[in-house]
Every structure is written in C-alpha cells, then in structure tokens.
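One letter stands for each residue in the lines below.
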Amino acid sequence: MKLHIVLPVLLVEMVCAAAKPNVLFIVSEDNSEQIGCYGEQRVHTPHLDSLAAGGVRFDRAYVPYSVCSPSRAAFLTGLYTRQTGHIGLATHRFAFHKNFKTMPAYLKEAGYYIGFIGKTHVNPEGLVEDHVDFRGVKHANFGNTFSIEEYAREARTIFENAVKAKKPFLCIINYSDAHRRFIGKTKAGYPTVPVTGETKPLPWTGIDTPYLREETRNYLNCMNRLDEGIGMVLEDLVELKQRDNTLVIYIADHGGDFMRGKTTCYEGGVKVPMIVNYPESFPKGHAENAMVSTLDILPTVLKETGVPIPGRLVGTPLQDLQDPKTPRRKYIHTFNTGSAAPLLYLTFGIRDEDHKLIYNPVRDINLAGISRYQNSKVPEELYQDSYVNPPEFELYDLNQDPYELTNIASDPKHRKTKDRLYRAMRDFQKEIDDPFLDPANVEFFIREQKDPKRQPKKRSEETWSHLEKFWPRPEKKRAKAGGPNVLFIAIDDLRPELGCYGDKHIISPNIDALARSGVRFDRAYCQQAICGPSRASIMTGLRPDSSKIHENHTHFRTHYPDITTLPQHFKNHGYHARALGK
C-alpha cells in the first residue's frame, strides 16, 4: 500500500522538476554576425551553426547600447539604460541609479542554482554577484590567459552542482572573445582551425589598410576559438544528460570593435547575432526576420521558467513571435555616450523596417570614433570626416545602403521620413522618461564629462553627479522627531564579561544599571570577529558575504555606493545624527 502512495508522489515530483528547464545563456564580446550560419564563409563555427540549425536564428537582433557595461545592464534587467542610469562603463564608475532586479535574482527566487562565469561589468556588481551560487573566471580575460578549457570546466561544475542539489540551473557564460586584443592563437593552441591568408576588413568599416586586414584575420580567429569553447560546454551538457532540458541562448554583447562599430548607433555596432535553441518551445532551423532586442531575453527566460513577467519590463518573450498576431516591433531605439569621458560621443538612433535616423545633438568631435581609428593604427589622412565630425542628423536607406555610407538626411526627397523618425524618437524618449530629452541635461552631461577635475588619473576616483540630477530619489518627508532619542554605544573587542553577565572581577555599575532597567540579551552575536566587517554590518544591515567586507581596509561603499546607513535612516526621519569615535 505504501508503494502505491509514494510512487505517484515521486512521479509528480519528477514531472515537476522536468517542467522547469535549465538555462544556458552564452554571451560573447564585441562581435557582429561573423558566424557561418549568418553567411560568413571565412570562419569555422560548426557548434554555433548547429545551434541555429536546431533552433531559431534571429536575423535582425539589436542591442540598445553598443558598449559592454550598458549593454549588459540592459539585458540583465530588461530595461533601457536611460531607465536604469547605467549609461557608461562600470570601470569608469558609471552605475545603476538604484538597485534593479537582475536575471540571476529572478531565477534564484524561483529555486534555480545560479552559476556565473566571466566578467560581471555592471555597477554595483552585487546586483548580480549576491545571487550567484558558483562564480567562475572572475576576470575580463582580454588577454585570454584563461583558456576556453577553463570556461568549460567551470560550466561543468555548475551543471554537476545543480544536479547534486536537484535544482534546475541558470548558467551565464561571458566569454572574452572577440574583445581586443584580437589574439589570433592562444598559448593553449586555440583555435585549432585557424583563419589564414589575406582577410578583407568588414565592409561597414568603410576603410581598408594592411594592418586592418591583419586585425580582421585575428578577429575572425577569435570567432573560431569562441565556437570551440561553446562546443566543449555543449558536449558536457550532453554527457551529463542535461542537454534536452536546457534552453540555450547565444548573443554578442554588441558589434565589433572597429570604426563605425562599437560605441555607435550604426548597424555594425548595434546589430548582433542571436540564436535560441530549445525544441520544446522554439522551432528548428527557423530564420526569424522580425526586429528583436536583447531586452527580449529576460522576458523570454522568465516565461520559459514559469516566473511571472513584471509589467515594467520593456521586452517581448521571443516565444510569442510564433504567433502571427503578436505585434512586431515598429522601431529599434539605440543610444550611446561613448561610455567614458575620454570617449565622449552622445548619439541617438532609431530604425524602422527600411530607414535609420541618427541624431547627434552636440557639435563636438567624436572622441570614440577617433579612438577606434587609433586602435587600428589608421593614418589620420584616412579618417572619414562624417564619422569624426558627425552632422546633427544622419539618415540611411538600409535597403539600398546597408553599410550606412551615404547620408541622405539633407535630401528634400526624404524630409518626411526624417521628420517621422525624429518624432518617433522624441515620443519614445517621453515614454521611457529619458532625461536626455531635456537640452539642459544634455548640456550638463557634456560639461561634466569634459571637466578635467572629473577625470583623475585613477579611474576608480571618477565621480559623476548626473545620476542624482537625472534620476533623483523621491524625497522622503522628514517627520518631526516625535520618537525617542537614540544613544547607540559600541565597544571595541569585548566579550560579555561585565558585572550584569556574572563576571565577578569586572566592576561595571553603569552598564549593570542599564541591564537592570532594560533587556539583557544572553545570546547575542556579531557577524564577524573583526572590527571592519562587524561595524559595516551594523551600519548597513548587510552580512559580510553581501557587503564583501571581510577585513579592515575595504569600505562598504566600494560595493554599495548608494546604500543608506543607520545614521542616514535616522537623519531622513527628522533626527539630528552625530557620531563620536572611529
């Protein structure tokens, strides 16, 4: 009789567990669609090609910002950077204006085992890191000092740990390829199938030099190496019998790091490869031509894993595109600041089915563009003036001019198209409450980025006030202090060796009197037996594993720059707050 009762329960548990798929989210760096399944014949990418053959290849996929940190901030939160405030590189102290929920946080709450490999590159990192069970390859790895074999080993550990924990997993792998320095072959010998010979530059760069050809060949070798690394991971999934129940998503964080690519709103910067493979919910061998965004990835993952999709997310689950009644995107909206003060270049983009409009509001030199030329050692006489000194408006017919080399913005025949797209751009800015809609904010941002006092020698010392100005926190009404006064006394390095705790040798009449007239806690503990971590926990309410303070030399604001401390809480509620001592 017991067997008849228990067995159905076990079967139900197994069915429920199987109903939640694993998620393998693979992100490569700084590459456009140079993959075999996208028609690039110079590369050898059988594993990515196989993913596309068994799933959906999205032929018009876009990022909202073509630089690493802002792009990652967008797909991890499902929100535009102009909503979250993360409008530049985390390494240059750009950050979210408040604590937004990220993909790892959503799935952690849903009972998933969370693994994260490679760079986080958002600020504060804790919005991702605090929800991770296994953390691997914690470096950007631009020099490829970590082999693709190491990425595969770390990923396998995540898969195995999840199986042991009897949980589905979310594994996010952030590869360093194809970020500069474009290493043609690593010390570990990858790629094993190299690209050789003369290699013409990507057509949208609009330029051709011997050095750029060499860079392009090495860039394509990065793509071959990336594919070999992905193949190792997929092989382990099969070996561990997890492949059939794993949703696999592959994207690049933005386009290639060449002129007219990364840091721009051109197709070379914002158009990326995107492949989704999960036969349970996606057709096999389908090429989707609808315009999609990396902002659609979080809603896609949430829908597939059964997590409710918050109404504030701006994307559409990619599963819904199989229904012809699902509305398609009318526009793709993009944006860039250059991502750091030395690369300042403010630009806005919008494209529809046929045209793209780029709006450059400031008549300044394009510092990001110059840096791309310098990276590729292009002689100054070959610089394109329209890229280095962009006009206010750029309009391109993407059917006739897919590489955006002929600006038709000043052509009267296209005036209606230009005006229509500009109105749509402005309407969108109102819709997302974009602070850059206000010319005064544009002026403030440019002035702050140019201020030499804001550009110290150390990046870690950069500070930006635009976050507070553009996204002010709702002012808390300061209540009249009708509550009690608070005197908080902290004593250094003391166990409960006091008279009130029964110690016969310690004379402590004043503390004893407090205990007699109040509450004495006989089993009270600190978080860590070191001053710095203990005091940080008291001030912030965070455990050391969250604040990442485990010694006396790191300040908690290193990881949580905007956290409200104990004295600030009181001050916000009408109290006069002061501190004495360390």
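What counts as what
- Residues numbered from 1 in each chain as written.
- Predicted model: local features only at pLDDT ≥ 70, side-chain atom pairs only at ≥ 80, totals over all residues.
- Heavy atoms only, no water.
- Axes fitted to C-alpha atoms, helices over the stretch in contact; angles between N-to-C directions.
- Helix = DSSP H or I, 4+ residues; strand = E, 2+ residues; numbered from the N terminus.
- Parallel < 35°, antiparallel > 145°, perpendicular 65-115°, else oblique.
- Left-handed = near helix turned anticlockwise from the far one by under 90°.
- Contact = heavy atoms within 4.5 Å.
- pLDDT = per-residue confidence, 0-100.
- Polar contact = N/O pair within 3.5 Å; in protein donor to acceptor, adjacent residues only side chain to side chain.
- Buried < 20%, exposed > 50% of the residue type's maximum accessible area, 1.4 Å probe, protein only.
- Pairing = 2+ DSSP bridges.

An account of the packing of helix 7 (residues 148-165) against helix 8 (residues 210-239) is needed here, citing residue identities and associated values.
When two helices pack together, you describe them by how their axes are tilted relative to each other and by the distance separating the axes. Their axes nearest at 9 Å, the elements helix 7 and helix 8 cross at an angle of 25°. By the criterion of interaxial angle, the relationship of helix 7 to helix 8 is roughly parallel. When you trace helix 7 past helix 8, the crossing you get is right-handed. Facing Ile 148, Glu 149, Ala 152, Ala 155, Arg 156 and Phe 159 of helix 7, the residues of helix 8 in contact are Arg 225, Glu 228, Gly 229, Met 232, Val 233, Asp 236, Leu 237 and Glu 239.

Which residues make up the confidence of the model for the chain, and what are the values?
Close reading of the predicted structure is inappropriate where its pLDDT is low. Across the chain, the average pLDDT comes to 90, with 92% of residues at or above 70. Ignoring residues within four places in sequence, the model shows residues 1-18, a span with pLDDT below 50, making 2 contacts including any to other chains.

Tell me what's going on with the side chain of Gln 319, and back it up with residues and numbers.
With respect to the helices and strands, the residue Gln 319 is situated in the loop between helix 10 (297-305) and strand 10 (332-336). Polar side-chain contacts of Gln 319 include one of 2.9 Å to the side chain of Glu 304. Setting aside its immediate chain neighbours within four residues, Gln 319 contacts Ser 281, Phe 282, Thr 300, Lys 303 and Glu 304.

Can you explain the pairing of strand 1 (residues 22-28)? Please cite residues and give values.
Among the 7 residues of strand 1, 7 are classified as buried, and the element is accordingly described as predominantly covered. Note: strand 1 against strand 6 (residues 246-252), 7 bridges, orientation parallel. Paired with Asn 22 across the bridge in strand 6 is Thr 246. Here 5 bridges tie strand 1 to strand 5 (residues 169-174), and the two strands are oriented parallel to one another. Across the sheet, residue Ile 26 finds its bridge partner in strand 5, namely Ile 173.

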